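# Structure at a glance
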Amino acid sequence: MSRIIAGSAGGMRLATPPGEKTRPTTDRVREALFSTLATWNGSSDAGADAQLADIAFCDLYAGSGGVGLEAASRGAAPVVLVEQDQPTARIIKANAGKTKLTAEVVSAGVDAFLSREGGQLFDVIWLDPPYPFTNEQISHTLALALPRLVHNGLIVLERSARSGEPAFPGGTEHWSRGYGETTLHFCQREANDDQ
């Protein structure tokens, strides 16, 4: 069982899909992620429910929806959660209803979602793909995600510390932070990138 850490729905428990289909992001990593995002957004002094106000947030490979719903709890809007597995997408919808958080759940493959013509732009795109995905697969998805970012937008990728670093798209700055067995990779467009 996962939970919302802070914000308007702080403390509420979330259902998770049965079995090993998904691997929820730990509370420790989620807390570190949202602390970093609040600092990046210049809103770390705001209340938890307003730290991501007016941030468009996309959660790819959403699983139970824990990260995207945490963003919504902290004020992000709109929030889009993308999950290909239909039963898992239904769990996300149930979690959103239970927490009374507003989020759009899209049941589609991640690459297909990112490749849609005229797709929405986001301030933050979160990716937590299955650990067996190769760095080559991840690099392909990162290249598809970059055009879906607003200027100075941020991509955050969760990977096993043993997976190594994928190739990041050109025209970006990137850095990593380790949390035990997990590494968060951050990728931001450089200021002069007009893509």
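Structural notes, computed from the coordinates. (Residues numbered from 1 in each chain as written. Predicted model: local features only at pLDDT ≥ 70, side-chain atom pairs only at ≥ 80, totals over all residues. Heavy atoms only, no water.)

### Quick look at the overall build of the protein
When helices and strands are counted, the protein shows five helices and nine strands. Taking 16 Å as the expected radius of gyration for a compact globule of 195 residues, we find that the protein reaches 15 Å, a close match to that expectation. When burial is assessed residue by residue, the protein has 50% of its 195 residues classed as buried. When the accessible surface of the protein is totalled, it reaches about 8,700 Å², and 50% of it is carbon and sulfur. Between the averaged position of the 17 positive side-chain charges in the protein and that of its 23 negative side-chain charges there is a distance of 9 Å. (Helix = DSSP H or I, 4+ residues; strand = E, 2+ residues; numbered from the N terminus. Rg over C-alpha atoms; globule rule 2.2 N^0.38 Å. Buried < 20%, exposed > 50% of the residue type's maximum accessible area, 1.4 Å probe, protein only. Areas by Shrake-Rupley, 256 points an atom, 1.4 Å probe, with all protein chains shown as cover. Lys, Arg positive; Asp, Glu negative; His and termini not counted. Charge placed at Lys NZ, Arg CZ, Asp CG, Glu CD.)

### Structural notes on helix 5 (residues 135–145)
The set of residues buried in helix 5 consists of Ile138, Ser139, Thr141, Leu142 and Ala145. All buried residues of helix 5 project into a common sector of 165° when viewed along the axis, lining one side. Against helix 4 (110–114), strand 6 (122–127) and strand 7 (149–160) lie the buried residues of helix 5. (Arc of directions from axis to C-beta. Contact = heavy atoms within 4.5 Å.)

### Considering the sheet that holds strand 9 (residues 182–189)
Taken in spatial order, the seven strands line up as 5-4-3-6-7-9-8 in an open sheet, and their pairing is mixed. In this open sheet, the two edge strands, each paired with only one partner strand, are strand 5 (104–106) and strand 8 (172–179). The average undirected angle you get between the axes of adjacent strands in this sheet is 15°. Inspection of the sheet shows strand 4 (residues 79–82) paired to strand 5 by three bridges, in the parallel sense. Each bridged residue has a counterpart across the sheet, and for Val82 the counterpart in strand 5 is Val106. (Pairing = 2+ DSSP bridges. Axes fitted to C-alpha atoms, helices over the stretch in contact; angles between N-to-C directions.)

### Things to note about the pattern of salt bridges
The tally for this structure, following the rule as stated, stands at six salt bridges. A salt bridge links Arg3 to Asp27, with the nearest nitrogen and oxygen atoms 3.0 Å apart. Of this pair, Arg3 sits in strand 1 (residues 2–3) while Asp27 is found in helix 1 (residues 27–40), placing the two residues 24 residues apart along the sequence. Residue Asp27 is classed as partly exposed on the basis of its relative accessible area of 29%. For the salt bridge of Glu181 with Arg162, the shortest nitrogen-to-oxygen distance reads 3.1 Å. Taken together, the positions of Glu181 in the loop between strand 8 and strand 9 and Arg162 in the loop between strand 7 and strand 8 put the pair 19 residues apart, joining distant regions of the chain. (Salt bridge = Lys/Arg side-chain N within 4 Å of Asp/Glu carboxyl O.)

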